[in-house]
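Letter by letter, the chains look like this.
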Amino acid sequence: GTLVLTNSGATLGVPKILGITGCANDGVVAFFDLPEKFNKKLLFYYLSSLTENLRDRINQGSGQPNLNTDIVKNLAVPIAADHPDEQQAIVDYLEQATKELDELISDVSEMVLRLEEYRTSLVTAAVTGKIDVRKVVVQ
């Protein structure tokens, strides 16, 4: 249940809420003992929205980009801490919207796969002579 944020490498700035007990190297920042007034899932969603911005800010020059504790501790967190019901309502909305987007992505991926299969079968049919394409006009 610990909220973590990766602080280096290819996954820099990616937050996760752990579902296991374990230990990690110094490649993550763990947010222990968050006050109960902060909804952990809302913090997760907020940090998720910062990933690209953090990467852009950190990826200056060459070498391995890294977040440091000064950058992380200075992140502004615009969460109405005194309104847990509002925080939960935002989380509920984001989870529903995310679910709908995931379903749309899945549907589109399935359609693309079917179209690729259809294209392959059309090419095969044309090459093997199962369909006559001599009169087809290409524009």
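This report concerns the structure included in the present document. Each chain has its residues counted from 1, following the order in which its sequence is written. For a predicted model such as this one, the threshold for reporting local features is a pLDDT of at least 70, and the threshold for listing and counting side-chain atom pairs is 80 or more; totals across whole chains, interfaces and linings nevertheless cover every residue. With hydrogens and water excluded, all non-hydrogen atoms of the structure serve as input to the side-chain values.

**Side note on the overall build of the protein**
The line we're drawing: Helix and strand labels come from DSSP, where a helix needs a run of H or I of at least four residues and a strand needs a run of E of at least two; each type is numbered from the N terminus. Each radius of gyration is computed over the set of C-alpha atoms, and the globule rule expresses the reference value as 2.2 Å times the number of residues to the power 0.38. Here's how the labels work: a residue is buried when its accessible area is under 20% of the maximum for its type, exposed when over 50%, partly exposed in between, all with a 1.4 Å probe on protein chains only. Contact definition: two residues touch when any of their heavy atoms are within 4.5 Å. Throughout, the Shrake-Rupley method with a 1.4 Å probe supplies accessible areas, and for residues the shown protein chains are the sole cover considered. Charge assignment in this entry is limited to Lys and Arg as positive and Asp and Glu as negative, and neither His nor the chain termini are counted. Every charge is mapped to an atom, namely NZ of Lys, CZ of Arg, CG of Asp or CD of Glu.
If you tally the helices and strands in the protein, you get three helices and three strands. Counting from the amino terminus, the protein carries its helices and strands in the arrangement β-β-β-α-α-α. For the protein, whose C-alpha radius of gyration is 24 Å, the value lies well above the compact-globule estimate of 14 Å for 139 residues. Along the first, second and third principal axes, the C-alpha atoms of the protein reach 70 × 45 × 35 Å. Counting only residues that meet the buried cut, the protein has 20% of its 139 residues in that class. By sequence separation, contacts in the protein at least 24 residues apart represent 62% of the contacts at least 6 residues apart. A total of about 10600 Å² of accessible surface is found on the protein, and carbon and sulfur atoms cover 56% of it. Within the protein, the 19 negative side-chain charges are centred at a point lying 10 Å from the centre of the 13 positive side-chain charges.

**Looking at the packing of helix H1 (residues 40–58) against helix H3 (residues 84–127)**
Heads up, the condition is: Note on geometry: axes are C-alpha line fits, over the in-contact stretch for helices, and angles between N-to-C directions span 0 to 180 degrees. For classification purposes, an angle smaller than 35 degrees is called roughly parallel, one larger than 145 roughly antiparallel, one from 65 to 115 roughly perpendicular, and anything else oblique. Each crossing is labelled by how the near helix is turned from the far one, with a counterclockwise turn of less than a right angle marking it left-handed and a clockwise turn marking it right-handed. Residue polarity follows a fixed list, in which Ala, Val, Leu, Ile, Met, Phe, Trp, Tyr, Cys and Pro are nonpolar, Asp, Glu, Lys and Arg are charged, and the others, Gly among them, are polar.
Contact pair H1 / H3: the axes reach a minimum separation of 9 Å and the direction vectors enclose 55 degrees. If you check the angle between H1 and H3, you find them oblique. Between H1 and H3 lies a crossing of left-handed hand. Each of Lys41, Leu42 and Tyr45 in H1 lies in contact with H3, whose residues at this interface are Gln87, Ile90, Val91, Leu94, Glu95 and Thr98. Classifying every residue of the contact of H1 with H3 gives five nonpolar, two polar and two charged.

**Let's talk about the nonpolar core**
Note the following rule: The term nonpolar core refers to a set of buried residues drawn from Ala, Val, Leu, Ile, Met, Phe, Trp, Tyr and Cys, joined through side-chain atoms within 4.5 Å.
If you look at the biggest cluster of nonpolar residues, it comprises 15 residues, and the most contacted ones within it are Leu54 and Leu67. The set of elements that each furnish at least two residues to this core consists of strand E1 (3–6), H1 and helix H2 (69–73). In terms of residue count, H1 provides more of this core than any other element does, six residues in total. The residues touching Leu54, leaving out its near neighbours within four places in the chain, are Leu12, Gly13, Leu67, Ile71 and Leu75.

**Re the sheet that holds E1**
Threshold: Strand pairing follows a simple DSSP-based rule, namely that at least 2 bridges must link the two strands.
Strand order in the open sheet formed by three strands is E2-E1-E3, and the pairing between neighbours is antiparallel. Pairing within the sheet leaves two strands with one partner each, and these edge strands are strand E2 (15–17) and strand E3 (28–31). Strand-to-strand twist in this sheet, taken as the mean axis angle between neighbours without regard to direction, amounts to 25 degrees. Where E1 and E3 come together, four bridges link them in antiparallel fashion. Bridge pairing links Leu3 to Phe31 in E3. Contacting E1, E2 and E3, H1 crosses the sheet at an angle of about 160 degrees to E2.

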